Amino acid sequence: MTRPNLTIPVKPTELELKLGCEDRAVEGGYAAMIRTWAEDQIPRADPDLARRLERLAAAVVEYGRMPVPQRREVCEKVLRALELYRKRYRSGQPPDKLTADHGLGFLRGVGPRRAQTLRNLGLHTVGDLLRHYPVRYDDRRVLPLAASLEHRQSATLIVTVTELGHVVGRRGRAMAQVPATDGATDLTLVWYNQQYRAQQFEPGTVLVVSGQATLYRGQLRFIVAQTEMLSRGGEAQEEEGETQEQTPQDSDEQRLSVGRIVPMYRLTRGVSQGWLRGLVAEALEACDPLPEGVVPASLAEARGLMPLPEALRQVHFPTDDTLRKAAHARIAYEELFELQVVLARRKTSLTQDSGSASLPGHALMAEFIAALPFAPTGAQLRVLAEIAGDLERPTAANRLIHGDVGSGKTVVAAFALMSAARAGKQGALMAPTELLAEQHYKTLREPLQRLGIPCRLLTGSMTEDSKRRLREHLEVTGGEVVVGTHALFQEAVRFRDLAVAVVDEQHRFGVRQRAELSGKGDGCKVFVMSATPIPRTLALTAYGDFDVSVLDELPPNRKPVLTVLAWGKERLQAYETVAARVAAGQQAYLVCPLVEDGGSNDVAAAEREFHRLQEGHFAGLRLGLLHGRKDSAEREETMRKFREGELDILVATTVIEVGVDVPNATVMLVENAERFGLAQLHQLRGRIGRGTEESICILLTRASAPDVVDRLRVLERTTDGFEVAEEDLRRRGPGELAGTRQSGLPDLRMADLIADTPTLVQAREDAFTLLEANPSLSGDDTRALREALERLEQEETDWAI
Ligand code: ADP
Ligand code: MG
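Since the structure is predicted, the reported quantities are computational estimates derived from the model, not experimental observations. (Residues numbered from 1 in each chain as written. Chains lettered and ligands numbered in written order. Predicted model: local features only at pLDDT ≥ 70, side-chain atom pairs only at ≥ 80, totals over all residues. Heavy atoms only, no water.)

Peer 1: Looking at this structure, I do not really get the site of ligand 1. What am I missing?
Peer 2: Around ligand 1, a shell composed of 16 residues is seen, among which Gln380, Gly406, Thr410, Arg558 and Asp661 lie nearest. In this structure, Lys409 approaches ligand 1 through a main-chain N or O atom, which is 3.0 Å from an oxygen atom. Within the side chain of Arg558, a nitrogen or oxygen atom sits 2.8 Å from an oxygen atom of ligand 1. In isolation ligand 1 has 570 Å² of accessible area, and contact with the protein removes 77% of it. Residue composition of the shell around ligand 1, by class: five nonpolar, six polar and five charged. (Near = heavy atom within 4 Å. Polar contact = N/O pair within 3.5 Å; in protein donor to acceptor, adjacent residues only side chain to side chain. Areas by Shrake-Rupley, 256 points an atom, 1.4 Å probe, with all protein chains shown as cover. Nonpolar A, V, L, I, M, F, W, Y, C, P; charged D, E, K, R; others polar.)

Peer 1: So what exactly am I meant to see when it comes to helix H16 (residues 464-476) here?
Peer 2: Residues spaced three or four apart along an α-helix face the same direction, because each turn holds 3.6 residues. For H16, which comprises 13 residues, the first-to-last C-alpha distance of 19 Å matches the rise-based estimate of 18 Å (1.5 Å per residue) to within 8%. The set of residues buried in H16 consists of Lys467, Leu470 and Leu474. Along the axis of H16, the buried positions cluster into a sector of 65°, meaning they face one direction only. H16 presents Glu464 and Val476 as exposed residues on the side facing more than 90 degrees away from its buried surface. The secondary structure elements touched by the buried residues of H16 are strand E10 (426-430), strand E11 (455-458) and strand E12 (480-484). (Helix = DSSP H or I, 4+ residues; strand = E, 2+ residues; numbered from the N terminus. Expected span 1.5 Å × (residues − 1). Buried < 20%, exposed > 50% of the residue type's maximum accessible area, 1.4 Å probe, protein only. Arc of directions from axis to C-beta. Contact = heavy atoms within 4.5 Å.)

Peer 1: What should I look at first to understand the packing of aromatic side chains in this one?
Peer 2: Counted according to the given criterion, the structure contains seven aromatic pairs. Between Tyr575 and Phe618, the ring centres sit 5.3 Å apart and the planes meet at 75°, which makes this aromatic pair edge-to-face. Here Tyr575, found in helix H19 (residues 570-583), pairs with Phe618, found in the loop between helix H20 (600-615) and strand E18 (623-626); they are 43 residues apart in sequence, far enough to count as distant. Comparing Tyr575 with Phe618, the two get one shared label, buried. (Phe/Tyr/Trp six-rings, centres within 6.5 Å; stacked < 30°, edge-to-face > 60°.)

Peer 1: Help me out: how do you make sense of the sheet that holds strand E13 (residues 498-503) in this one?
Peer 2: Strand pairs in the sheet, formed through backbone hydrogen bonds, run parallel or antiparallel to each other. Read from one edge of the open sheet, seven strands run E11-E12-E10-E13-E14-E9-E15, paired in parallel fashion. Each edge of the open sheet carries a strand with a single partner, namely E11 and strand E15 (547-551). Put simply, the sheet's adjacent strands are angled 20° from each other on average, direction ignored. Of the pairings in the sheet, the one linking strand E9 (residues 397-403) to strand E14 (residues 525-529) comprises five bridges and is parallel in character. Counted as the bridge partner of Ile401 is Met529 from E14. Sheet contacts for helix H15 (residues 434-450): E10, E11 and E12; angle to E11, the most-contacted strand, approximately 170°. Across the face of the sheet, H16 comes into contact with E10, E11 and E12 while running at roughly 135° to E11. (Pairing = 2+ DSSP bridges. Axes fitted to C-alpha atoms, helices over the stretch in contact; angles between N-to-C directions.)

Peer 1: Can you help me understand the packing of helix H12 (residues 362-371) against helix H13 (residues 378-392) in this one?
Peer 2: The axes of two packed helices give the description: the angle between them and the distance between them. Remark: H12 packs on H13, axes separated minimally by 9 Å, with the N-to-C direction vectors making an angle of 140°. Regarding the angle of H12 to H13, the classification is oblique. The handedness of the crossing between H12 and H13 is right-handed. Contacts from His362, Ala363, Met365, Phe368 and Ile369 of H12 reach H13 at Leu381, Leu384, Ala385, Ala388, Gly389 and Glu392. Residue composition of the contact of H12 with H13, grouped by class: eight nonpolar, two polar and one charged. (Parallel < 35°, antiparallel > 145°, perpendicular 65-115°, else oblique. Left-handed = near helix turned anticlockwise from the far one by under 90°.)

Peer 1: Which parts of the structure should I look at to understand the side chain of Lys525?
Peer 2: Residue placement: Lys525 occurs in strand E14. Of the buried charged residues, Lys525 lacks a salt bridge, with Asp390 as the closest side chain of opposite charge at 7.4 Å. Within polar-contact distance, the side chain of Lys525 engages the side chain of Ser356 at 3.4 Å. Among all residues touching Lys525, those that are not within four sequence positions of it are Ser356, Ala357, Leu359, Asp390, Leu391, Arg393, Thr395, Ala397, Ala499, Val500 and Ala501. (Lys, Arg positive; Asp, Glu negative; His and termini not counted. Salt bridge = Lys/Arg side-chain N within 4 Å of Asp/Glu carboxyl O.)

Peer 1: Where do I start with the side chain of His402 in this structure?
Peer 2: By the element assignment, His402 lies in strand E9. Taking the relative accessible area as the measure of exposure, His402 reaches 4% and is therefore buried. A polar contact is formed between the side chain of His402 and the backbone nitrogen of Ile534, at a distance of 2.9 Å. Not counting residues within four places of it along the chain, the set of residues in contact with His402 comprises Lys409, Ser530, Thr532, Pro533, Ile534, Val548, Ser549, Val550, Leu551 and Phe722.

Peer 1: For this particular structure, what's the right way to read the environment of Pro593?
Peer 2: Within the secondary structure, Pro593 sits in the loop between strand E17 (587-591) and H20. When the C-alpha positions of Pro593 and Glu671 are compared, they lie 5.1 Å apart, and in sequence the two are 78 residues distant.

Peer 1: Would you take a moment to explain the packing of H13 against helix H14 (residues 409-422) for this structure?
Peer 2: One can describe the packing of H13 onto H14 by two numbers: an axis separation of 10 Å at closest approach and a directional angle of 25°. By the angle between their directions, the pair H13 and H14 is classed as roughly parallel. Note on packing geometry: the crossing formed by H13 with H14 is right-handed. Only Val411, Val412, Phe415, Ala416 and Ser419 of H14 make contact with H13, whose side of the interface consists of Gln380, Val383, Leu384, Ile387, Ala388 and Leu391. Partitioning the contact of H13 with H14 into residue classes produces nine nonpolar, two polar and no charged.

Peer 1: Sorry, what's going on with the pattern of salt bridges here?
Peer 2: Pairs can form between side chains of opposite charge once their charged atoms are near each other. The full count for this structure, using the stated rule, is 37 salt bridges. Measuring nitrogen to oxygen at the nearest pair gives 3.3 Å for the salt bridge that ties Glu464 to Lys467. Placement of the pair is Glu464 and Lys467 together in helix H16, with a separation of three residues, close to one helical turn. Residue Lys467 is classed as buried on the basis of its relative accessible area, which comes to 12%. Note that Glu727 and Arg730 form a salt bridge whose closest N and O atoms lie 3.3 Å from each other. Of the two residues, Glu727 and Arg730 both sit in helix H24 (residues 721-732), three residues apart, roughly one turn of that helix. Residue classification places Arg730 among the partly exposed positions, given a relative accessible area of 49%. Within this structure, Asp138, Arg140, Glu228 and Arg277 form a network of salt bridges that share partners.

Quick look at the structure:
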């Protein structure tokens, strides 16, 4: 690792721009020069920079063939990239003032090797380090005297090693014993299974040890769980020749590591708590000014928030618990506020977009409801009204419709599609699988026809010829609805006038695919439907730029599905249950294990299971097999047979998760249930309990680990999809906010979506209020916020080439 090359090609880029981007600025071609330069840097760059440079190199490849406006854009992107590069990686003279944007190499004690190590923690700049918040704290304000310790008491002590130790084997457990003193009392430090500790510390070494006291034959032993070295005994040592990177002064470390609440950080190989603590302290001191944050001062004050610089100091080196909590609150608010401002801006930019048509809404409702074979639930009526509002408003719409399995989302979506068609425009419904697309098509075709609206189907497995004919049709004909798979948003499909797009089971589509579909129509109104309920915190973050409708009521007469866990021998009993139900004229689903790497292995496993059961336990019964590799005619045929009672048992992969509605199926076995997510299992069991008979879902598992079993028990306990979703989130953690990565949203490092929900709600309210009052974020108070948003947007677009 070295500092990257200082000669940054800013000048040639500026010249190229000045000469009108005609590729005259550089002999041999501008693009070639930039590419060579970027590629030269890559081997010496950290991963983040390397990635940027790679994109840069790739971006200029086509330069020679680009039209001038596009070239200009590339040049401007290159300039911005170079500016960033210079800010973060420039070496040379230490700056007068260190800012959060400076690389960590500017801190004392960080040479190339340490810098590399810190990058393993994702830390590149001083700002990154300031945001590397402690994962926990150790309260070392008052350390007890060794003499005061009782048997089995847990404590943290400061001790000085008095002699080199030795290893004692005892009952098969090796134990390093090292004599030490706390100044008043002699004691023996004990490490289990770390023999190297015996000879590690020269006499005179000062340690902070956390662990447990034991009194052994009247002698005090201290079983060490955690060790920190405060200062070394013996001769001064050189650490692997990197003297210039020696630990900060011993006294510094003592000051930071004892007699206070001490931060404990996430570490990596080659970085110790003590060293990192010293480095953070140095960054806090050297960085001038410390970041003030993006929350407008007036708002921070109104919310009683601690100023960010103080919060940063307190979060790393708290004076007491109250101030530490105040610091946490400030930083969590800071993050959530920024996130919500981004979301609020996206949302308002959509609803201010006036390129969208006003469609019939409430006026159509009575006619629509009359065409349904059932009375809508109260929740459906409410959501229909919300959708009607979106349809009537002459702006784009972005609405998430979520609710439990079977709450009747399809019907409300049909309403929006109908409205588009009635207006002479087009409505499209997109489903994640062919099976589901076909099912939706069947459900919608009849009621829509009754309303005088033609409905068509487009899936990937149709013949090229019929696809082409349908595409040509879509280019010219309005007043219709089309249902399909992702084939709908492929480039070749051009809608004449797409006004409403409905995306079912949206979690299976990427953010980009969603955008692609709505990009098919100007000001298209988009409704996305989730398979299962979405926890409130996610609705406010991952879907924070959507309006949200909830179907929190099931149609009447639904019988809850009984769910039980089963192990080992109970499998046979489960098979008996299936056989008994079949004997009584009912039907069963057998869901095959998901194979780790998915894909074709799932299919093979399902096939094996099918043959095993057909020839073994269920010989004589009529079994069908369904998986994603069967072509649609075959699947269709299997589904038809199952629906019409010509099959007793359907062996399937998770393709039945969606789109299958057979009321006579009353029992489901799920193999290796522990491999599924809770929400997914909930979605699966939603395939039964659709008729008048009691239904049972048996979750077969080999797992015995308490946390795994505990997780599955949630499904035994409740049939409420909202509860399942919250539990799922709580257990998995919101780490991967579905689909928010790479989408220009700020990171949450401190805020915990579950613990900080009240802060989230407050920050959201404040963000939306602020934007309403000051949509352009003008003024001094919002400068930092404006700049942060610009940075985010730039990161998003700079590299999206
Ligand atoms: P999901 O919300 O899981 O997508 P669907 O839209 O597939 O649910 O509806 C599940 C079933 O319930 C369908 O067979 C549908 O016809 C039926 N259904 C929907 N709404 C009602 C209602 N209000 N009363 C009775 N049945 C309904
Ligand atoms: Mg559905």
